[in-house]
Amino acid sequence: QLPCGTLAEVRLLSTWRHRREMALKYILILIFILLTINTCSCDDDHEMEEFLKREHSLSKPYQGVGALGSSHWELMGDAMVTTDQVRLTPDMQSRQGAVWSRIPCHLKDWEMQVHFKIHGQGKKNLNGDGLAIWYTKERMQKGPVFGNMDNFTGLGVFVDTYPNEEKHIERIFPYVLAMVGNGSVSYDHERDGRPTELGGCNAMVRNLKHDSFLFIRYVRRRLTVMIDIDGQHEWRDCLDIPGVRLPLGYYFGASAVTGDLSDNHDIISLKLYQLTVLRSKKEEEEEEQAEMTIPSVDNMDLLQLGQNEAGMSGLSIFFTVLFSMLGCIFLIVIGIVVYSQWNESRRKRFY
């Protein structure tokens with residue numbers, strides 16, 4: 001028989017172990033609940049399946065590309081097909097070329113992955129002009145916007161390799177940006193498209209030894225653009241804009257242009273994926289009622305205002321911080337001087 005003290009200790013130890021086990025169970029239950037909530041509230045990436053649409057995709061061996069009636073893709077201008085790529089322009093002055101799908105796209109939600117290459121003999125800022133990926137109503141139209149027509153109707157995603165605007169301190173080129181046109185909005189070439197830009201990011205894509213990719217996703221009226229240019233097989237965010245309204249039945253294409261400066265602009269592949277997104281009946285009804293005929297962007301004015309506010313150059317930010325610090329130091333010095341004088345006068349009065 002155990003002494004009373006020992007028995008009490010055993011009971012206490014047993015109670016402590018029981019409470020510890022219960023606490024552990026509660027913790028495990030809480031972790032399970034949190035994981036379940038996280039899974040249920042996951043983003044669109046986990047709510048959709050993707051399917052490669054070969055009729056809207058361009059990849060090796062490019063069989064019949066450009067030939068009449070034997071391919072889903074058509075060449076324009078100086079574009080040419082080789083065994084390794086579709087070259088939109090060679091590294092020569094004053095060239096422009098394009099490749100366009102012959103089949104309109106009627107997908108609500110889609111994702112385009114672009115494998116491309118821009119390279120040439122020109123040194124930094126002595127090359128140009130860039131390439132564009134299109135989803136537009138018009139097709140096979142030559143023009144000044146990276147080899148395509150101005151006042152286009154639809155979406156353009158541009159890889160701009162040459163700065164036309166003189167004051168470009170806050171923007172490093174090459175630069176990726178997106179624009180939605182409604183048929184009457186002009187691309188401002190002299191200002192590198194800033195007045196109509198939805199967003200963008202710098203992307204050092206010239207003369208890379210590894211592959212470079214551009215990712216364009218359109219889901220639930222949300223446009224997302226990402227890039228993979230570091231050779232790490234990781235997507236980097238470029239822009240993410242809600243409220244983008246693109247009608248069905250437009251054409252995919254890619255174009256490029258050179259001027260006094262030049263580059264090779266190559267498309268290795270364009271792969272379009274259909275995204276099967278889960279929608280509620282209410283969402284489907286709302287989308288049917290709001291069927292679009294003209295491309296548009298919700299709150300475009302607010303977007304441009306935000307870009308202007310966010311568009312401070314590095315030099316402007318430096319001087320803003322510098323003068324703010326100088327102002328604080330000035331106020332502190334004034335405060336110390338005033339306090340010293342007040343303290344001195346107080347001491348004289350006292351004595």
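Details of the structure are given in the entry above.
Here's a quick rundown of the structure. (Residues numbered from 1 in each chain as written. Predicted model: local features only at pLDDT ≥ 70, side-chain atom pairs only at ≥ 80, totals over all residues. Heavy atoms only, no water.)

1. Digging into the overall build of the protein chain
Condition: Helix numbering and strand numbering both begin at the N terminus, where a helix is a DSSP run of H or I of at least 4 residues and a strand a DSSP run of E of at least 2. Here's how the labels work: a residue is buried when its accessible area is under 20% of the maximum for its type, exposed when over 50%, partly exposed in between, all with a 1.4 Å probe on protein chains only. Contact definition: two residues touch when any of their heavy atoms are within 4.5 Å. A 1.4 Å probe and the Shrake-Rupley method give the accessible areas. Residues count as covered only by the protein chains that appear here.
From N to C terminus, the protein chain includes 4 helices and 17 strands. Counting over 351 residues, the protein chain shows a buried share of 39%. For the protein chain, contacts bridging at least 24 residues in sequence account for 71% of all contacts bridging at least 6. As displayed, the protein chain offers around 20,900 Å² of accessible surface, 56% of which is attributable to carbon and sulfur atoms.

2. Examining the state of the cysteines
Worth spelling out the cut-off: When the sulfur atoms of two cysteines come within 2.5 Å, that pair is taken as a disulfide.
Summed over all chains, the structure comprises 1 disulfide. Bridging Cys201 to Cys238, the disulfide has an S-S length of 2.2 Å. Here the disulfide of Cys201 and Cys238 is left-handed, its torsion about the S-S bond being about -105 degrees. Of this pair, Cys201 sits in strand E10 (residues 199-202) while Cys238 is found in strand E13 (residues 236-241), placing the two residues 37 residues apart along the sequence. On the accessibility criterion, Cys201 (8% relative accessible area) is buried.

3. A short note on the nonpolar core
Heads up, the rule is: Among buried residues, the Ala, Val, Leu, Ile, Met, Phe, Trp, Tyr and Cys ones that are joined through side-chain atoms within 4.5 Å form a nonpolar core.
Of all hydrophobic cores here, the largest spans 49 residues; its most connected members are Trp110, Val176 and Leu214. Element by element, the count of residues in this core is highest for strand E6 (residues 110-119), at 5 residues. When residues no more than four places from it in sequence are discounted, the contact partners of Leu214 are Met112, Gln113, Val114, Phe116, Ile133, Val157, Val159, Val176, Val225, Met226, Ile227 and Trp235. Counting residues in hydrophobic clusters, the runner-up holds 16 residues, among them Val145, Tyr175, Leu177 and Tyr251.

4. Things to note about the side chain of Asn264
What counts is decided by this rule: A 3.5 Å cut-off defines polar contacts: any pair of N or O atoms within that distance qualifies, except that in protein one atom must be a possible hydrogen donor and the other a possible acceptor, and neighbouring residues in sequence count only when both atoms are side-chain atoms.
Examined against the element boundaries, Asn264 turns out to sit in strand E16 (residues 264-277). The class of Asn264 is buried, set by a relative accessible area of 11%. Of the polar contacts made by the side chain of Asn264, one reaches the backbone nitrogen of Asp91; its length is 2.8 Å.

5. Overview of the pairing of E16
Stated precisely, the cut-off is as follows: We treat two strands as partners when DSSP finds at least two bridges between them.
For E16, the buried fraction is high: 11 of the 14 residues fall into the buried class. Sheet topology places E6 next to E16; 10 bridges connect them, and they run antiparallel. The residue bridging Ile118 from the neighbouring strand is His265, located in E16.

6. So, the packing of aromatic side chains
Rules: Any two of the Phe, Tyr and Trp rings considered here, Trp counted by its six-membered ring, make a pair once their centres fall within 6.5 Å; the pair's planes then place it as stacked at under 30 degrees, edge-to-face at over 60, or tilted in between. Here, over-ring charges are defined by two tests on the NZ atom of lysine or the CZ atom of arginine: distance to the ring centre within 6 Å, and angle to the ring normal within 35 degrees.
Summed over all chains, the structure comprises 13 aromatic pairs. With a centroid separation of 5.0 Å and 20 degrees between ring planes, the pair formed by Phe146 and Phe158 is classed as stacked. Taken together, the residues Phe146 in the loop between strand E7 (130-136) and strand E8 (153-160) and Phe158 in strand E8 connect sequence positions 12 residues apart. Accessibility classification places Phe146 together with Phe158 in one group, the buried group. Grouped by ring-pair contacts, the aromatic residues Trp110, Tyr135, Tyr218, Tyr250 and Phe252 constitute a single cluster. Taking the ring centre of Tyr251 as reference, the NZ or CZ of Arg139 above it sits at 5.5 Å. The lysine or arginine in question, Arg171, covers the ring of Tyr175, its NZ or CZ lying 3.9 Å from the ring centre.

7. A short note on the environment of Asp266
Tracing the backbone through its elements, the reader meets Asp266 in strand E16. Asp266 sits in the buried class, given a relative accessible area of 1%. Taking the C-alpha atoms as reference points, Asp266 and Asp84, separated by 182 residues in sequence, lie 9.2 Å from one another. Each residue touching Asp266, except ones within four places of it in the same chain, is listed here: Gln85, Val86, Arg87, His115, Phe116, Lys117 and His119. At a separation of 2.9 Å, a polar atom in the side chain of Asp266 contacts the side chain of His119.

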